[in-house]
Amino acid sequence: MGLTIGVDIGGTKIAAGVVDEEGTILDTHKVPTPPTAEGIVDAICAAVSGAGKGNDVEAVGIGAAGYVDDKRATVLFAPNIDWRHEPLKDKVEQRVGMPVVVENDANAAAWGEYRFGAGQGHEDVIVITLGTGLGGGVIIGNKLRRGRFGVAAEFGHIRVVPDGLLCGCGSQGCWEQYASGRALVRYGQQRANATPEAAEILLGLGDGTVEGIQGKHISEAARQGDPVAVDSYRELARWAGAGLADLASLFDPSAFIVGGGLSDEGELVLDPIRKSFRRWLIGGQWRPHAQVLAAQLGNKAGLVGAADLARQG
């Protein structure tokens, strides 16, 4: 199969891109994300149509946040869209006239990194995405492992603290409440409130109030050496690295790839994650250590991965 289209459903825009066998995006078309579930289906079809003009496209892959069934056809549940057992594959296929594959967006991003990014050369890779929340994907033996029902690798909702912080999923103590963009902001605000004299740079980058602290302020302040911002990143990394150590006990990969918006900060976040991973890895002094690598494809990983999964069929 030659050219395929990958679709990334974002909170403000839906992007479709024509992708070749080397993972290169040849054409893109973006449309605003509508507020309704049916409107999003219309927008997906419009984006696919726009990207496909003038290209000999053979299939479409859609990355959707939420639970996707084992047939890669139905969105069982989406947290941010009113989709419950949504037959997305059938609806889009009828409109675009091509085979369609639906995949969890974090799985699609993981596959993109494995095939065309930081995972090249590895057979066993775990990808985690540190963004607003925490997602992930598992590639073992060169295959994307989705589980019997298609909903594996929901790492963000592994409970790491019994009766811990309330999560948007309804549970408590989920990993993403301690290792995510939201968690980083909470750490920064809590620490700035406790010791404002150590957060002068951080507070100065915002509106001067603790409530005004945003993730971008913490990143910039940490680069400038603000003690509170640096300590906030260390706390995030402590939880992220400890979680990777647990995943190493489960899957024993050769590499962990860290993607999502927080990975854009490079060694500011990766170096303390590696240190925490080594600290909490069981039997670490006796066993080989997986590499902890930065993702390479950025926000294109999901689109590229979805397109390649459509090519795989």
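These figures come from a predicted structure and were not determined experimentally.

A. Representation of the overall build of the chain within the structure. Looking only at helices and strands, the chain has nine helices and 13 strands in total. Expressed as lengths along the three principal axes of its C-alpha atoms, the size of the chain is roughly 60 × 50 × 35 Å. A buried classification covers 51% of the 313 residues belonging to the chain. For the chain, contacts bridging at least 24 residues in sequence account for 61% of all contacts bridging at least 6. When the 29 basic and 38 acidic side-chain charges of the chain are each reduced to a single mean position, those positions are 3 Å apart.

B. Representation of the sheet that holds strand β8 (residues 100–104). Within the open sheet, the five strands sit side by side as β3-β2-β1-β4-β8. Their pairing is mixed. Both edges of this open sheet fall to β3 (25–32) and β8, since each of them pairs with a single strand only. Neighbour-to-neighbour, the strand axes of the sheet open up by a mean angle of 20°, direction not taken into account. Examined bridge by bridge, strand β4 (residues 57–64) and β8 share five bridges and lie parallel to one another. Counted as the bridge partner of G61 is V101 from β8. Lying over the sheet, helix α2 (residues 88–96) contacts β4 and β8, oriented at roughly 145° with respect to β8. Those strands touched by helix α3 (residues 105–116) are β4 and β8, and its axis lies near 100° from that of β8.

C. Inspection of the sheet that holds strand β7 (residues 84–86) at higher detail. Taken together, the three strands give an open sheet; going across it, the order is β5-β6-β7, and neighbouring strands pair in antiparallel fashion. The strands lining the two open edges of the sheet, one partner per strand, are β5 (67–68) and β7.

D. Examining the packing of helix α6 (residues 215–223) against helix α7 (residues 227–251) more closely. The N-to-C vectors of α6 and α7 enclose an angle of 110°; their axes lie 7 Å apart at closest approach. Between α6 and α7, the interaxial angle falls into the category roughly perpendicular. For the pair α6 and α7, the sense of crossing is left-handed. Every residue of α7 that contacts α6 at I218, S219, A221 and A222 is listed here: A229, V230, S232 and Y233.

What counts as what
- Residues numbered from 1 in each chain as written.
- Predicted model: local features only at pLDDT ≥ 70, side-chain atom pairs only at ≥ 80, totals over all residues.
- Heavy atoms only, no water.
- Helix = DSSP H or I, 4+ residues; strand = E, 2+ residues; numbered from the N terminus.
- Buried < 20%, exposed > 50% of the residue type's maximum accessible area, 1.4 Å probe, protein only.
- Contact = heavy atoms within 4.5 Å.
- Lys, Arg positive; Asp, Glu negative; His and termini not counted.
- Charge placed at Lys NZ, Arg CZ, Asp CG, Glu CD.
- Pairing = 2+ DSSP bridges.
- Axes fitted to C-alpha atoms, helices over the stretch in contact; angles between N-to-C directions.
- Parallel < 35°, antiparallel > 145°, perpendicular 65-115°, else oblique.
- Left-handed = near helix turned anticlockwise from the far one by under 90°.

Such coordinate-based values are descriptive only and should not be taken to indicate function.
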